[in-house]
2 protein chains.
Amino acid sequence: MNKYKANIKITLREGILDVQGKTVEHALHSIGFESMSAVRIGKFVTLYIQAESESTAMNQIENACKQIIANPIIEDYSIEITKAE
Amino acid sequence: MNKYKANIKITLREGILDVQGKTVEHALHSIGFESMSAVRIGKFVTLYIQAESESTAMNQIENACKQIIANPIIEDYSIEITKAE
């Protein structure tokens, strides 16, 4: 068994209104950062996994993303895996 | 003026209890993903910025992170900038 670290970026799909992002964007503009736009806020999940191989790890994490970590109806996700230790 | 895209990863500092991460970890274990551990949930922010140069853009985003986007007391952040268009 090997140990892997996964970095998972979860972003709202294009076209889905990002209320939290809009709020932060307004706040930024109100304190002088008018040059910033299109603020969107997603999630950045890290976890460790024990698996036989990198491809097994990737497969399990894909399934976990679909079932719990992300909401595939409104979110996209991308997974990066590196060997830990 | 140039347009840049920034990807900002915000993670809870080590040692800070991640309640959301623990909850997701328990949920993962309960549906059969026992091989996953140390789940931590941060934020992934994307935004666009108009600036004279990449270093000016980086500076402004650093300031925005310190003031609004992140909470430097409990969170770390890393910023990646690429030229847009």
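To be clear, the structure that these remarks concern was listed above.
Values in this document were obtained by computation on a predicted structure and should not be read as measured data.

Draft legend 1. Structural context of the overall build of chain A. When you go through chain A residue by residue, the secondary structure sums to two helices and three strands. In chain A, the order of α-helices and β-strands from amino to carboxyl end is β-α-β-α-β. Its C-alpha radius of gyration of 17 Å places chain A more than 25% over the 12 Å reference for a compact globule of 85 residues. In terms of overall dimensions, chain A has C-alpha extents of about 50 × 30 × 15 Å along its principal axes. Burial analysis of chain A (85 residues in total) assigns 40% to the buried set. In chain A, the proportion of contacts linking residues at least 24 apart, taken out of those at least 6 apart, comes to 73%.

Draft legend 2. Structural view of helix α2 (residues 54–69) of chain B. With 16 residues, α2 of chain B should cover 22 Å at 1.5 Å per step; its first-to-last C-alpha distance of 19 Å lies more than 12% under that length. Of all the positions in α2 of chain B, only Ala-57, Ile-61, Ala-64, Cys-65 and Ile-69 of chain B are classed as buried. For α2 of chain B, the buried positions fall inside an angular range of 105° around the axis, keeping them on one side. In α2 of chain B, the exposed positions angled more than 90 degrees off the buried face are occupied by Ser-55 and Gln-67 of chain B. The secondary structure elements touched by the buried residues of α2 of chain B are α1 (19–30) and β2 (36–51) of chain A together with β1 (2–12), β2 (36–51) and β3 (75–83) of chain B.

Draft legend 3. Seen up close, helix α1 (residues 19–30) of chain B. Compared with the 16 Å implied by 1.5 Å per residue over twelve residues, the 17 Å span of α1 of chain B between its first and last C-alpha is a close match. Of all the positions in α1 of chain B, only Gly-21, Val-24, Glu-25 and Leu-28 of chain B are classed as buried. Angular distribution of buried residues about the axis of α1 of chain B spans 105°; they occupy a single face of the element. Exposed and oriented more than 90 degrees from the buried face of α1 of chain B are Val-19, His-26 and Ser-30 of chain B. On its buried face, α1 of chain B sits against α2 (54–69) of chain A together with β2 of chain B. Looking at where α1 of chain B begins, the residue whose side-chain oxygen comes 3.3 Å from the main-chain nitrogen of Gln-20 of chain B is Asp-18 of chain B.

Draft legend 4. The arrangement of the interface of chain A and chain B in detail. Taken residue by residue, the interface counts 30 residues in chain A and 30 residues in chain B. Note on chain A versus chain B: buried area summed over both sides is about 2700 Å², and carbon and sulfur give 68% of it. Viewed at the interface, chain B and chain A are joined by zero salt bridges. Where chain A touches chain B, the interface holds ten residue pairs in polar contact (both at pLDDT 80 or more). Within the residue set of the side of chain A that touches chain B, elements represented by two or more residues are β1 (2–12), α1, β2 and α2 of chain A. Here the element with the most residues in the side of chain A that touches chain B is β2 of chain A; it accounts for 15 residues. In terms of residue class, the side of chain A that touches chain B is built from 18 nonpolar, nine polar and three charged. Here β2 of chain A runs beside β2 of chain B; their pairing, made up of eleven bridges, is antiparallel.

Draft legend 5. Highlighting the packing of aromatic side chains. All told, the structure shown has zero aromatic pairs over all chains when counted by the stated rule. The ring of Tyr-48 of chain A is capped by Lys-3 of chain A, whose NZ or CZ atom sits 5.0 Å from the centre of that ring.

Rules behind the numbers
Along each chain, the written sequence defines residue order, and numbers are assigned to residues from 1. Just so you know, chain letters begin at A and ligand numbers begin at 1, following the order they were written in. Two thresholds apply to this predicted model, a pLDDT of at least 70 for residue-level local features and 80 or more for giving and counting side-chain atom pairs, whereas whole-chain, interface and lining totals are computed over all residues. The side-chain values count all of the structure's non-hydrogen atoms but skip hydrogen atoms and water molecules. A run of DSSP states H or I qualifies as a helix once it reaches four residues; a run of E qualifies as a strand once it reaches two. Both are numbered from the N-terminal end. For the radius of gyration, the atoms used are the C-alpha atoms, and the globule rule reads 2.2 Å times the number of residues raised to 0.38. In this scheme, a residue with accessible area under 20% of its type's maximum is buried, one over 50% is exposed, and one in between is partly exposed, where area comes from a 1.4 Å probe on protein chains only. Here a residue-residue contact requires only that any non-hydrogen atoms of the pair lie within 4.5 Å. In this analysis, the expected span of each helix is defined as 1.5 Å times one less than the number of residues it contains. Arc, as used here, means the arc of the directions from the helix axis to the C-beta atoms. Polar contact is the term for a pair of N or O atoms within 3.5 Å; when the atoms are in protein, one must be able to donate a hydrogen and the other to accept it, and sequence-neighboring residues count only if both atoms are side-chain atoms. A 1.4 Å probe defines the accessible area here, and the buried area is the portion of it lost by two parts on being joined, summed over both. What counts as a salt bridge is simple: a side-chain nitrogen of Lys or Arg found within 4 Å of a carboxyl oxygen of Asp or Glu. Following the grouping adopted for this structure description, the nonpolar residues are Ala, Val, Leu, Ile, Met, Phe, Trp, Tyr, Cys and Pro, the charged ones are Asp, Glu, Lys and Arg, and the polar ones are all others, Gly among them. Strands pair, by our definition, only if DSSP identifies at least two bridges between them. We call Phe, Tyr and Trp rings a pair once their centres come within 6.5 Å, taking the six-membered ring for Trp, and we label the pair stacked below 30 degrees between planes, edge-to-face above 60, and tilted otherwise. Placement of a positive charge over a ring is assigned whenever Lys NZ or Arg CZ falls within 6 Å of the ring centre and within 35 degrees of the normal to the ring plane.

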